[in-house]
Amino acid sequence: MMLSQLNELQKETFAQLKESIKDCKLIDSSDDYVVKWLVARNFDVDQAEKMLRRSLEWRRANRIDEIVEQWEPPLVLVKYYPMGIIGNDKQSCPVWIVSFGNADWRGILQSVSKRDYLRYICYMAEKSFKEMRKNSLQTQKPVTYQTFIIDMDGLSMRQMSYKPFREVGIEGIKLSEANYPESLRRVFIINAPKAFTFVFSMVKPFLHQVTLDKISVFGFDKNEWSAALLKEIDADQLPVYYGGTMTDSNGDPKCSSKICLGGEVPPSYYMEVVKPTPKEYMTSLTLSSGSKKKLEYKIIQTNSVLRWEFMTEEGDIGFGIHYVERNGERVDLVNNERVESNLIMEEGEVACTRPVLYVVEFDNSYSFLRSKKIWYRIIVDLPSSNVPYEEFDPKEE
């Protein structure tokens, strides 16, 4: 939805939001970009403002603005993550093809960490936004949406039943809905087998109704789904396989030289699973079953960097990071998710853009029978010095 499509009451709501966020530095200063946040929160001004400000903080903490230029994604994702931009639809929006059913999700997730996988989702989203901005300049009209063709051909329950894929898929959807609202113009899911019902039932609860309304699902009737695609996308912007006229230089109807179509990941890319061992500089703690432990860091300089490294001796552990505003409000930077730190050393960092209290939380509340021993090092590097300081006395719940 664009500003020009709003009714008078909605335009008044938009004006209120625009006034309340005038202090924010947005990645897109257009009115249509601001409208997206209102639509995502059903034109509730307070909720839209809160959502937008939290997303801006998430962007700063995770350095999302620089991700395309400064982050080099793992090669296995570049070669085997099954998606790419093939052209533009009739509204000049980028068209993505996702060969979902042809992907080796097990192989991908055995080759990269969950953190890198989710970061790659952000990387691709930012690439798409750059493409939208380029199209806006070329067409001299706002381009703020994208179209997806998700091809389920080849989908197997073996891939879908893989627990790490289900978990990271839901996390990816939550991340996208929270930080890239109203970015979809149309979604065409084609060649959907019976197993798709299982897949869709998992993700549907995490999708905003506005998003669900843009999704069209088709089975294996090519005449049906290609006709639907051609209503929205010109034939010269679609590969022959999808009903268009485009081929690559060797005549491939799927244009595999233009976009990544997935395929089986060679085992040579798999991460070596070596049980991590504690490093001599690490501190240990034992977290009893059903409990949590919080480590607090009072950030005194903006643009400090909070870094972490930890492992568990047996079993996974919940891990998350948030900060606490002066009014007591909690803002999540790393959502509390279970991490298999018994299989690989977990490492990462966030930029601390606010001089407030940051909290790192280890969570064993889901385990009612087993305690967990954690080895960790968490430091804050000040921007003006390479000398880190350690955490305040941790609080345990």
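All values derive from a computational prediction rather than experimental measurement.

What counts, and where the lines are drawn
- Residues numbered from 1 in each chain as written.
- Predicted model: local features only at pLDDT ≥ 70, side-chain atom pairs only at ≥ 80, totals over all residues.
- Heavy atoms only, no water.
- Pairing = 2+ DSSP bridges.
- Helix = DSSP H or I, 4+ residues; strand = E, 2+ residues; numbered from the N terminus.
- Axes fitted to C-alpha atoms, helices over the stretch in contact; angles between N-to-C directions.
- Contact = heavy atoms within 4.5 Å.
- Salt bridge = Lys/Arg side-chain N within 4 Å of Asp/Glu carboxyl O.
- Buried < 20%, exposed > 50% of the residue type's maximum accessible area, 1.4 Å probe, protein only.

## Re the sheet that holds strand 5 (residues 215-217)
Here comes step 1: Taking strand neighbours across the sheet as the criterion, the five strands line up as 1-2-3-4-5 in an open arrangement whose pairing is mixed. On the outer flanks of this sheet lie strand 1 (83-88) and strand 5, each paired with one strand and no other. The mean inter-strand angle of the sheet, taken between neighbouring strand axes irrespective of direction, is 20 degrees.
Here comes step 2: Inspection of the sheet shows strand 1 paired to strand 2 (residues 94-98) by five bridges, in the antiparallel sense. What sits directly across from I85, in strand 2, is W96.
Here comes step 3: Contacts from helix 7 (residues 114-139) reach strand 1, strand 2 and strand 3 (146-151), with the element oriented near 150 degrees to strand 2.
Here comes step 4: Contacts from helix 12 (residues 222-232) reach strand 3 and strand 4 (184-190) within the one sheet, and its direction differs from that of strand 4 by about 165 degrees.

## Digging into the pattern of salt bridges
Here comes step 1: Scanning the model with the defined rule gives 24 salt bridges in all.
Here comes step 2: R54 is the partner of E329 in a salt bridge, and the nearest nitrogen-oxygen pair spans 3.1 Å. Taken as a pair, E329 in the loop between strand 9 (317-324) and strand 10 (330-339) and R54 in helix 3 (residues 45-61) lie far apart in primary sequence, 275 residues in all.
Here comes step 3: Among the residues examined, E329 registers a relative accessible area of 28% and is labelled partly exposed.
Here comes step 4: Classification of R54 as partly exposed rests on a relative accessible area of 36%.
Here comes step 5: Several salt bridges share partner residues, and in doing so they unite R63, R307, E349 and D381 into one network.

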